[in-house]
Amino acid sequence: MIQITALCAFSDNYIWLLQDTDTRRCAVVDPGDAAPVQAWLAAHPDWVLSDILITHHHHDHVGGVQALKNATDAKVYGPARETIPAREVALVDNDRINVLGLGFDVIDVPGHTSGHIAFYHQGMLFCGDTLFAAGCGRLFEGTPEQMHTSLTRLASLPEDTQVYCAHEYTLSNLRFAAAVEPGNPDVADRLADVIQKRAAGTITLPSNLALEKLTNPFLRTGETSVKEKLDERAGAANRSPSAVFAALRAWKDTF
Ligand code: ZN
Ligand code: FE
């Protein structure tokens, strides 16, 4: 059986830890800092780190890779189109890898960075800084069209897919979502829930795709409520969902 928990890093990063309870092997996703992973391994000496999965090249996702590689025999997987320290397996769209006995599909999701990838196994998605709970990553390297296509692809996965993203940004994302759709009751309910969770210091992840489709404005660019809000702000009609997405992302950048 696979158990998934979050190791906290820096101020708001999560390093996802996957544990195979049958074999006592484990994997981590995006270890931006080696210290939390090494502390966990030191506290659990009968566990072996066998795999390191990387979604994109930003330092807060790869900063711990080399130290973990030096300390363990873990295999490092990462996107082929980005420079990833100690990478052994370079992945492209539609590759399939086996990690802890599970098959993971590699999904190309350019936008936040140009080579960003996500890892999908039935019921679980590790999407780095592409899809966040109630939000999406900033466009550092890609175009709005690329990011919109990437998010649309992720949103087409089964609705019961758990979303394991790499940052605790849910509260600020929902405040923005509430500004975009003040009349959306699902956003209001989720915002109230997340305010409570964060006040208690509780993690707000994983999310799931069903909830994201109801509350994430970046997955709702085809909704009349979202489109009309942007038309009202811009004073002009945003025609296509990808144009709506571009205007929405630009607004969030200064929100
Ligand atoms: Zn990033
Ligand atoms: Fe990040």
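Residues numbered from 1 in each chain as written. Chains lettered and ligands numbered in written order. Predicted model: local features only at pLDDT ≥ 70, side-chain atom pairs only at ≥ 80, totals over all residues. Heavy atoms only, no water.

Participant: Where do I start with the overall build of the chain in this structure?
Facilitator: Each helix and strand in the chain was counted, giving nine helices and 14 strands. For 255 residues, the compact-globule estimate of 2.2 N^0.38 gives 18 Å, and the C-alpha radius of gyration of the chain, at 18 Å, lies within 12% of that figure. Its C-alpha atoms put the chain at 60 × 40 × 30 Å along the principal axes. Buried residues in the chain amount to 52% of all 255 residues. Long-range contacts, defined here as pairs at least 24 residues apart, represent 57% of the contacts in the chain between residues at least 6 apart. (Helix = DSSP H or I, 4+ residues; strand = E, 2+ residues; numbered from the N terminus. Rg over C-alpha atoms; globule rule 2.2 N^0.38 Å. Buried < 20%, exposed > 50% of the residue type's maximum accessible area, 1.4 Å probe, protein only. Contact = heavy atoms within 4.5 Å.)

Participant: I tried to follow the coordination of the iron ion (ligand 2) on my own but got confused; where do I start?
Facilitator: Metal coordination angles in their ideal form are 109.5 degrees for the four-donor tetrahedron and 90 or 180 degrees for the six-donor octahedron. At 2.1 to 2.3 Å from the iron ion (ligand 2) lie its protein donor atoms, namely D60 (OD), H61 (NE2), D129 (OD) and H167 (NE2). Mapping the donors of the iron ion (ligand 2) onto the primary sequence yields the spacing D-H-x67-D-x37-H. The metal-metal distance between the iron ion (ligand 2) and the zinc ion (ligand 1) comes to 3.2 Å, with D129 coordinating both. Here D60 matches H61 in class, with each residue buried. (Donors = N, O, S within 2.8 Å, 3.2 Å for Na, K, Ca; no water.)

Participant: What am I meant to see in helix 8 (residues 224-234) here?
Facilitator: For an α-helix, the turn length of 3.6 residues means that residues three or four places apart are oriented alike. Among all positions in helix 8, only V226, K229, L230 and D231 are buried. Remark: G235 follows helix 8 within two positions and exhibits a positive phi of approximately 70 degrees.

Participant: How should I be thinking about the coordination of the zinc ion (ligand 1) in this particular structure?
Facilitator: Taken together, H56 (NE2), H58 (ND1), H112 (NE2) and D129 (OD) make up the protein donors of the zinc ion (ligand 1), found 2.2 to 2.3 Å from the metal. Every donor counted, the four donor atoms about the zinc ion (ligand 1) form angles of 86 to 170 degrees at the centre, which fits irregular coordination. When the donor residues of the zinc ion (ligand 1) are listed from N- to C-terminus, their spacing reads H-x1-H-x53-H-x16-D. (Tetrahedral: all angles 85-135°; square planar, octahedral: opposite > 155°, others 65-115°.)

Participant: Help me out: how do you make sense of the state of the cysteines in this one?
Facilitator: Simply put, disulfide is the name for a covalent bond between the sulfur atoms of two cysteines. By the definition in use, this model includes zero disulfides. Free cysteine: C8, not disulfide-bonded; nearest cysteine sulfur from C165 at 13 Å. Residue C8 is classed as exposed on the basis of its relative accessible area, which comes to 56%. Unpaired in terms of disulfides, C26 finds its nearest cysteine sulfur in C8, a separation of 17 Å. (Disulfide = S-S within 2.5 Å.)

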